[in-house]
Amino acid sequence: MKHKEILTNWNVITGGPCTGKTTIVNILAQRGYKTTIEHARHYIDTQKINGFSIEEIRKNKREFQLNVLDMQIEQEASLNVKDQVFLDRALPDAMAYYRFLGLEYDERLIEQCNKYCYNKVFILDRLPLINDYARLEDESEQIRIHNLIIEVYKSFPCPIIYVPVLPPEERVDFILKNV
């Protein structure tokens, strides 16, 4: 894969479902750091408000992924590359989900994923799986998605740091020490 990226001061918080990403991002925000939201959950929440069921929202996998991708592209395009930002997932996460769902990459996904080079990618070690209204994966799917995320980020020239399972505040301290 060809990389022509813009260097950023953005740090990605990622990992498979139920690794504590949003908890970590929320703590970072409470500590005064600039953060972003996780778009798949935001998209699901907005569609539910519009009267759609989870089954209806997730029925067309490609449409779901494209809508989430649109939101991620718009958000990353709105950020200043010089600002220190902690992202709750980033564009390459979409590649992992495309692979997981058996969808082929489209040109726009490839182009956007090659646009930015993140300062650091923090991959959170897995926690016990807890399903909720938006998270439908079982444990084997959680592991597969987690491994696909690692595989995808390894294909990019961004430094990866693995974050061990620790209490949330200690995980945040670990991340900040490694920025």
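All of these numbers come straight from a predicted model, not from anything done at the bench.

Engineer: Would you mind going over the packing of aromatic side chains with me for this structure?
Structural biologist: Two aromatic rings, taken as a pair, are described by how far apart their centres are and by the angle between their planes. Under the criterion given, the structure shown has four aromatic pairs. Here W10 and Y118 contribute two aromatic rings whose centre-to-centre distance is 6.3 Å and whose plane-to-plane angle is 40°, an arrangement assigned as tilted. With W10 in strand 2 (residues 10-14) and Y118 in the loop between strand 5 (116-117) and strand 6 (120-124), the pair connects residues that are 108 residues apart, well separated along the chain. Seen from their ring centres, Y33 and F86 are 5.5 Å apart, and the 85° between their planes marks the pair as edge-to-face. On the criterion of sequence distance, the pair formed by Y33 in the loop between helix 1 (21-30) and strand 3 (34-35) and F86 in strand 4 (residues 85-88) is long-range, its members being 53 residues apart. Exposure remark for Y33: the relative accessible area of 29% places this residue in the partly exposed category. With a relative accessible area of 0%, F86 lands in the buried category. A connected cluster of aromatic rings, assembled from ring pairs, spans W10, Y116 and Y118.

Cut-offs applied
- Residues numbered from 1 in each chain as written.
- Predicted model: local features only at pLDDT ≥ 70, side-chain atom pairs only at ≥ 80, totals over all residues.
- Heavy atoms only, no water.
- Phe/Tyr/Trp six-rings, centres within 6.5 Å; stacked < 30°, edge-to-face > 60°.
- Helix = DSSP H or I, 4+ residues; strand = E, 2+ residues; numbered from the N terminus.
- Buried < 20%, exposed > 50% of the residue type's maximum accessible area, 1.4 Å probe, protein only.

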